[in-house]
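# Coordinate analysis (summary)
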Amino acid sequence: MKRIQLVTLLCTLLSTNINATTYKSVATGAWTSPDTWGTASYPSTGDSVIIDGHSITLDATDVTIQYLLITNEDDYGNSKLITSSNITLIVQGNLDIVSDRYDRELKLEVLTNSTLEVQGNLNVNRLLAKQQGNKVQLKVHNSAHLKVRQNLIFDFDNTGCTIGNSNVNVHDFGVLE
């Protein structure tokens, strides 16, 4: 009996990993719009997500993904993830906010009554942070929650925990845990 349960569990885990997809933004838009991702679907449970030079509004009610990267690698523009109200996003691994572009903004905004839970690390890594215009924003508004279960790491110009031109704002009963 235990052997059957173990085989069933192993098959379930393997099929979950096999079916996972990495989605990369191709346009500014809603999370649930396939046009945002250039595919016939949008990110869902177990997938990994790369937001690269686009502004994405998370409009799905409850989403659990494996990994999230907000970056400016492809020089499209500012990269943003903004939740709609009353949304829960769980990132089972790390959330990385990474860029070496001094002229681009990176933004993560958690709005009214929403929760973003990062079960791994939240890494903010920004090279050229001392250049004018370089900005990273983490904003938590109106009873929203940003929960980081492991480490919240800021590394600008490989100097460690220096905020510089960036900010973390918690407003109107927002919570950073």
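Residues numbered from 1 in each chain as written. Predicted model: local features only at pLDDT ≥ 70, side-chain atom pairs only at ≥ 80, totals over all residues. Heavy atoms only, no water.

### As for the overall build of the chain
- Each helix and strand counted, the chain has two helices and 17 strands in total.
- Counting across all 177 residues of the chain, residues that qualify as buried make up 41%.
- A fraction of 73% describes how many contacts in the chain between residues 6 or more apart in sequence connect residues 24 or more apart.
- When the accessible surface of the chain is totalled, it reaches about 9,100 Å², and 50% of it is carbon and sulfur. (Helix = DSSP H or I, 4+ residues; strand = E, 2+ residues; numbered from the N terminus. Buried < 20%, exposed > 50% of the residue type's maximum accessible area, 1.4 Å probe, protein only. Contact = heavy atoms within 4.5 Å. Areas by Shrake-Rupley, 256 points an atom, 1.4 Å probe, with all protein chains shown as cover.)

### Remarks on the environment of E109
- As for its position among the elements, E109 is in strand β10 (residues 105–110).
- Distance from E109 to L81, taken between C-alpha atoms, is 6.3 Å for residues 28 residues apart in sequence.
- Excluding residues within four positions of it along the chain, E109 makes contact with L81, I82, T83, K139 and H141.
- At 3.2 Å, the side chain of E109 forms a polar contact with the side chain of K107. (Polar contact = N/O pair within 3.5 Å; in protein donor to acceptor, adjacent residues only side chain to side chain.)

### A closer look at the packing of aromatic side chains
- Evaluation of the coordinates by the stated rule reveals two aromatic pairs.
- Their ring planes at 75° and their centres at 6.2 Å tell us that Y23 and W37 sit as a pair that is edge-to-face. Taken together, the residues Y23 in strand β1 (residues 22–24) and W37 in helix α2 (residues 34–37) connect sequence positions 14 residues apart. Across the pair, exposure class does not vary: Y23 and W37 are buried alike.
- A ring pair is formed by W31 and W37, whose centres lie 5.6 Å apart and whose planes are at 80°; its orientation type is edge-to-face.
- W31 gets classed as buried once you look at its relative accessible area, which sits at 0%.
- According to the relative accessible area criterion, W37 is buried, its value standing at 3%.
- Members of the aromatic cluster, connected to one another through ring pairs, are Y23, W31 and W37. (Phe/Tyr/Trp six-rings, centres within 6.5 Å; stacked < 30°, edge-to-face > 60°.)

### Thoughts on the nonpolar core
- In this structure, W31, L68, L81, L89, I97, L116 and L122 are the most contacted members of the largest nonpolar core, which totals 32 residues.
- Beyond its immediate stretch of four places on either side in the chain, I97 contacts I70, L106, L108, L122, N123, V124, N125, V136 and L138. (Core = buried A, V, L, I, M, F, W, Y, C linked by side-chain atoms within 4.5 Å.)

### Considering the pattern of salt bridges
- Taken as a whole and judged by the stated rule, the model has three salt bridges.
- D52 serves as the salt-bridge partner of K24, at 3.5 Å between the closest nitrogen and oxygen. With a gap of 28 residues between them, K24 in strand β1 and D52 in strand β3 (residues 48–52) connect regions that are remote in the sequence.
- Notably, a salt bridge pairs E109 with K107, separated by 3.2 Å at the nearest N-O pair. Neither E109 nor K107 differs from the other in exposure class; each is buried. (Salt bridge = Lys/Arg side-chain N within 4 Å of Asp/Glu carboxyl O.)

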